[in-house]
Amino acid sequence: EHADTPLVVKGLRKAYSDGFVAVQEISFTVQRGQVVGLLGPNGAGKTTTLRVLMGLTQPTAGEIFVFGHRLVPGAPILSRVGALVEGPGFLPHLSGYENLKAYWQATGRPWADARFEEALEIAGLGDSVHRKTRKYSHGMRQRLAIAQAMLGLPELLVLDEPTDGLDPPQIAEMRRVLQRYATDGRAVLVSSHLLAEVEQTCTHAVVVNKGRIVASGPVDDIVGDSPSVQLDVSDV
Ligand code: ATP
């Protein structure tokens with residue numbers, strides 16, 4: 001089932017131990033070639049949804065299929081998925097490149113130069129990848145973290161608010177990075193609380209509010225036809 005579909009989420013529900021239901025009845029699909037934006041105000045349940053997808057927290061109910069494989073809570077994430085780890089730390093005395101190589105070696109997977117060069121190129125790191133990371137700006141760190149998620153060119157890339165703390169030129173660059181990534185049969189799922197950002201970056205959007213989906217579909221349909229959706233998410 002769905003063997004060629006990067007991600008299928010069906011009826012996802014997550015109640016935390018204090019009983020708070022952070023997400024419920026969340027169902028959506030990510031196809032190859034799509035950049036899907038998970039859009040909603042703070043507290044809408046975006047991070048919870050992505051953490052469940054990455055196997056970092058267990059769902060209360062629902063099913064997740066990654067390329068047809070049912071995600072089993074606690075099992076290792078498929079190598080076909082790359083994720084932006086929350087607040088990744090880099091070793092300050094090593095270059096960005098050395099950090100990425102060390103990270104990859106820790107995963108125990110073989111290093112393939114060509115794929116890494118391509119990942120770095122898509123991430124737009126340029127020559128600064130050879131500088132020590134202690135000299136990096138916030139934007140460079142963020143880009144290195146995204147390059148890390150792209151290593152090995154996973155077919156599905158999952159990013160939680162990658163533009164957080166970036167300035168407008170860096171946000172524009174991030175947009176190009178994600179759009180470049182979602183070619184060659186790859187796909188991206190990215191969260192954001194900014195409608196304009198999703199509108200400009202994504203092909204599709206899943207709009208969540210208070211843990212539920214309030215709209216989903218091609219970005220043009222959502223932005224054009226649903227003024228109420230714009231109101232829901234812009235008054236954040
Ligand atoms: P943000 O952009 O602020 O991260 P979000 O859309 O990603 O927002 P979540 O972080 O998923 O939202 O949080 C959704 C709701 O679940 C919030 O009300 C939050 O307080 C609650 N929540 C998150 N983690 C826990 C937890 N461990 N225990 C209880 N409630 C939690």
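Residues numbered from 1 in each chain as written. Predicted model: local features only at pLDDT ≥ 70, side-chain atom pairs only at ≥ 80, totals over all residues. Heavy atoms only, no water.

Glancing now at the packing of helix H2 (residues 96-107) against helix H4 (residues 138-150). Running from amino to carboxyl end, H2 crosses H4 at an angle of 35°, the nearest separation of the two axes being 10 Å. The way H2 lies across H4 gives a crossing that is right-handed. On the side of H2, the interface is formed by Gly-96, Leu-100 and Tyr-103, while H4 contributes Leu-144, Ala-147 and Gln-148. Residues that form the contact of H2 with H4 fall into these classes: four nonpolar, two polar and no charged. (Axes fitted to C-alpha atoms, helices over the stretch in contact; angles between N-to-C directions. Helix = DSSP H or I, 4+ residues; strand = E, 2+ residues; numbered from the N terminus. Left-handed = near helix turned anticlockwise from the far one by under 90°. Contact = heavy atoms within 4.5 Å. Nonpolar A, V, L, I, M, F, W, Y, C, P; charged D, E, K, R; others polar.)

Moving on, we come to the side chain of Arg-186. Mapped onto the fold, Arg-186 is located in the loop between helix H5 (168-181) and strand E8 (187-192). Reaching out from Arg-186, the side chain makes a polar contact with the backbone oxygen of Tyr-181 at a distance of 2.8 Å. Dropping the residues within four chain positions of it, Arg-186 is found in contact with Arg-32, Gly-33, Gln-34, Glu-118, Ile-122, Leu-153, Pro-154, Glu-155, Arg-180 and Tyr-181. (Polar contact = N/O pair within 3.5 Å; in protein donor to acceptor, adjacent residues only side chain to side chain.)

In the vicinity of the ligand, 13 residues are found, and the nearest of them are Gly-43, Gly-45, Lys-46, Thr-47 and Thr-48. Taking Thr-47, its main chain carries an N or O atom lying 2.6 Å from an oxygen atom of the ligand. The separation between an oxygen atom of the ligand and a polar side-chain atom of Thr-48 is 2.6 Å. Protein coverage of the free-state accessible area of the ligand, which is 630 Å², stands at 62%. Of the residues forming the shell around the ligand, the biggest block, three residues, is contributed by helix H1 (residues 46-53). (Near = heavy atom within 4 Å. Areas by Shrake-Rupley, 256 points an atom, 1.4 Å probe, with all protein chains shown as cover.)

Our next topic: the sheet that holds strand E1 (residues 7-15). If you walk across this open sheet you meet the four strands as E2-E1-E4-E5, and the pairing is antiparallel. Each edge of the open sheet is held by one strand with a lone partner, namely strand E2 (21-30) and strand E5 (69-70). Pairing of E1 with E2 involves six bridges; the strand directions are antiparallel. Across the sheet, the residue bridging to Val-8 is Thr-29, located in E2. (Pairing = 2+ DSSP bridges.)

The next point concerns unusual backbone geometry. Not every positive phi belongs to a glycine, and Phe-67 is a case in point at roughly 50°. Structurally, Phe-67 is set in the loop between strand E4 (61-66) and E5. For Phe-67, a relative accessible area of 3% puts it in the buried group. Of note, Asp-184 is a non-glycine position whose phi angle comes to about 55°, a positive value. Mapped onto the secondary structure, Asp-184 falls in the loop between H5 and E8. (Buried < 20%, exposed > 50% of the residue type's maximum accessible area, 1.4 Å probe, protein only.)

The subject of this paragraph is H4. Along an α-helix, residues three or four apart share an orientation, since each turn contains 3.6 residues. Over its 13 residues, H4 extends 18 Å from the first C-alpha to the last, a length consistent with the 18 Å expected when each residue adds 1.5 Å. Burial of H4 is extensive: eleven of the 13 residues sit out of reach of the surface. Restricting attention to buried positions, one finds in H4 the residues Gly-139, Met-140, Gln-142, Arg-143, Leu-144, Ala-145, Ile-146, Ala-147, Gln-148, Ala-149 and Met-150. Where H4 is buried, its residues meet strand E6 (81-83), H2, helix H3 (113-123), strand E7 (156-159) and H5. Gly-152, located one to two residues past H4, shows a positive phi value of around 80°. (Expected span 1.5 Å × (residues − 1).)

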